[in-house]
Amino acid sequence: GESVGLHLPTLSVQEGDNSIINCAYSNSASDYFIWYKQESGKGPQFIIDIRSNMDKRQGQRVTVLLNKTVKHLSLQIAATQPGDSAVYFCAETYSGYNKLIFGAGTRLAVHP
Amino acid sequence: NAGVMQNPRHLVRRRGQEARLRCSPMKGHSHVYWYRQLPEEGLKFMVYLQKENIIDESGMPKERFSAEFPKEGPSILRIQQVVRGDSAAYFCASSPTGSRNNEQFFGPGTRLTVL
């Protein structure tokens, strides 16, 4: 289940289940969105991106959904594995802006 | 092709000292970005540089912080007279010249601890 602690919200799932991580973005002008995975002690690692002219994009075991009406982004991970345990950040930006605006992050904990 | 490199990985300074953080972008990349991350928080943009130019420093504190990306050598983020509140992880990202916008590749970060 999902819980909100003092800091990062945590999503706990069983190995093999599907995970859904949600993100609300702030700027209606944003037209490019990225999901990053950050393992402990490491830098953010690109997972998947989507542009605003799309509603859905699929990668290997991951799918990103974009709902521009409510400014909502989600990351779906199929058949979650222990190696998926990390903090996941969404980031937004718009053409020509260059800098990324990161969300607060969600910790994914995968239990065997 | 080596990724973005940052050094040192860990840096300990006493209050009042200077901290210098280095970032070598990926080969062929001429755009560098610096971000700061406090524990349990997302990354916050600090500064965007191209070779010999600061393009956007809107996220960088006006005092004590400076950044450069010289024609030769790594990008440097310099923090003078460090205070405890500067303790954080500092990440550098780079992007290639002329590629699609905003594809940034991150380094492993420098963890700064101010005693």
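Preceding this section is the structure that the text describes.
Description of the structure in this document.

Rules behind the numbers
- Residues numbered from 1 in each chain as written.
- Chains lettered and ligands numbered in written order.
- Predicted model: local features only at pLDDT ≥ 70, side-chain atom pairs only at ≥ 80, totals over all residues.
- Heavy atoms only, no water.
- Contact = heavy atoms within 4.5 Å.
- Buried area = accessible area lost by both parts, 1.4 Å probe.
- Salt bridge = Lys/Arg side-chain N within 4 Å of Asp/Glu carboxyl O.
- Polar contact = N/O pair within 3.5 Å; in protein donor to acceptor, adjacent residues only side chain to side chain.
- Helix = DSSP H or I, 4+ residues; strand = E, 2+ residues; numbered from the N terminus.
- Nonpolar A, V, L, I, M, F, W, Y, C, P; charged D, E, K, R; others polar.
- Disulfide = S-S within 2.5 Å.

How big an interface is tends to be stated in terms of the accessible area lost upon association of its parts. Taken together, the contact pairs 21 residues of chain B with 24 residues of chain A. The junction of chain B with chain A conceals about 1800 Å² of combined surface from both sides, 46% of it contributed by carbon and sulfur atoms. Applying the counting rule to chain B against chain A returns two salt bridges. Taken together, the connections running from chain B to chain A amount to eight residue pairs in polar contact (both at pLDDT 80 or more). Those elements giving two or more residues to the side of chain B that touches chain A turn out to be strand E4 (29-37) and strand E5 (43-50) of chain B. Of the residues assigned to the side of chain B that touches chain A, the class counts are eight nonpolar, seven polar and six charged.

Disulfides are covalent bonds that link the sulfur atoms of two cysteine residues. Residue and element names in this part refer to chain B. Counted according to the given criterion, the structure contains two disulfides over all chains. A disulfide bridge connects Cys23 with Cys92, and the sulfur atoms are separated by 1.8 Å. Note on the Cys23 and Cys92 pair: the S-S dihedral is about -50 degrees, so by sign convention the disulfide is left-handed. Separated by 69 residues along the polypeptide, Cys23 in strand E3 (residues 19-24) and Cys92 in strand E9 (residues 88-96) bring together distant segments of the chain.

As far as function goes, none of this settles anything; it's purely spatial.
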